[in-house]
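# Close look at the chain arrangement
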Amino acid sequence: MSSPPPTPLDPGIALRLDAPQCVGCAICADVCPTRALVLTPVDLLPVWLPEACTACRICERQCPTAAITVQGRPRRRAAPSARPAATAGAAALPGPRDAT
Ligand code: SF4
Ligand code: SF4
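Residues numbered from 1 in each chain as written. Chains lettered and ligands numbered in written order. Predicted model: local features only at pLDDT ≥ 70, side-chain atom pairs only at ≥ 80, totals over all residues.

This part is about the confidence of the model for the chain. Per-chain confidence: the chain averages 80 in pLDDT, with 67% of residues scoring 70 or above. Per-element averaging of pLDDT across the chain places strand S2 (residues 37-39) at the bottom with 95 and helix H2 (residues 58-62) at the top with 98. Predicted confidence is poor over residues 95-100, with pLDDT under 50, and the contacts of this stretch with residues over four places away or in other chains come to ten contacts. (pLDDT = per-residue confidence, 0-100. Helix = DSSP H or I, 4+ residues; strand = E, 2+ residues; numbered from the N terminus. Contact = placed C-beta atoms within 7 Å.)

Turning our attention to unusual backbone geometry. Not every positive phi belongs to a glycine, and Ala26 is a case in point at roughly 75°. Among the secondary structure elements, Ala26 is positioned in the loop between strand S1 (14-17) and helix H1 (27-31). With 13 C-beta atoms counted inside 10 Å, the residue Ala26 sits in the partly exposed group. (Buried ≥ 20, exposed ≤ 12 C-beta atoms within 10 Å, placed from the backbone.)

Here we take up the environment of Arg35. In this fold, Arg35 is placed in the loop between H1 and S2. On the basis of neighbour counts, which here come to 15 C-beta atoms within 10 Å, the residue Arg35 falls in the partly exposed class.

In the vicinity of ligand 2 lie 13 residues, with Cys32, Ala36, Cys53, Cys56 and Cys59 positioned nearest. Looking at side-chain class alone, the shell around ligand 2 contains ten nonpolar, two polar and one charged residues. (Near = placed C-beta within 6 Å. Nonpolar A, V, L, I, M, F, W, Y, C, P; charged D, E, K, R; others polar.)

Now for the pairing of S1. Of the two faces of S1, only one is covered, namely that formed by Leu15 and Leu17; the face formed by Ala14 and Arg16 stays uncovered. As paired elements, S1 and strand S4 (residues 68-71) share four bridges and run antiparallel to each other. Opposite Leu15, over in S4, you have Val70 as the bridge partner. (Pairing = 2+ DSSP bridges.)

Listed below in C-alpha cells is the structure:
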C-alpha cells in the first residue's frame, strides 16, 4: 500500500518554484531554518518538504532570482518529532522541462 503524498501541516501553506529561474545556487536550502528545502544532487533544483515548512518566507526573500514564491500565513515551527528526518517526504517541484 502506498503512502499518501506529503502535505503541509497547515494546508494553506504552499511553495512554488519557477524552475527556469532557478540557478541552483542552494541559498534557499542554506537559509531555511527548518531544512524544508533540499537540493537534488542531479539537477540542483530545490525540493520542498512541506511538513517542515513554516511559511517564514526566508527562502523567498533570499533567492537571488526570485524563483520561489511562498503562500500562506507563517506558523510556528513544528516539533522536532513532527519534522521529517530525510527527503522521504519530499514533494516534487516542477523541473525545467515541466514548467511551461
Ligand atoms: S535560492 Fe533561488 S536560484 Fe538559488 S537554488 Fe534556491 S530557488 Fe534556485
Ligand atoms: S518558507 Fe521558510 S520554512 Fe518554508 S521552505 Fe522557505 S525558508 Fe524554509
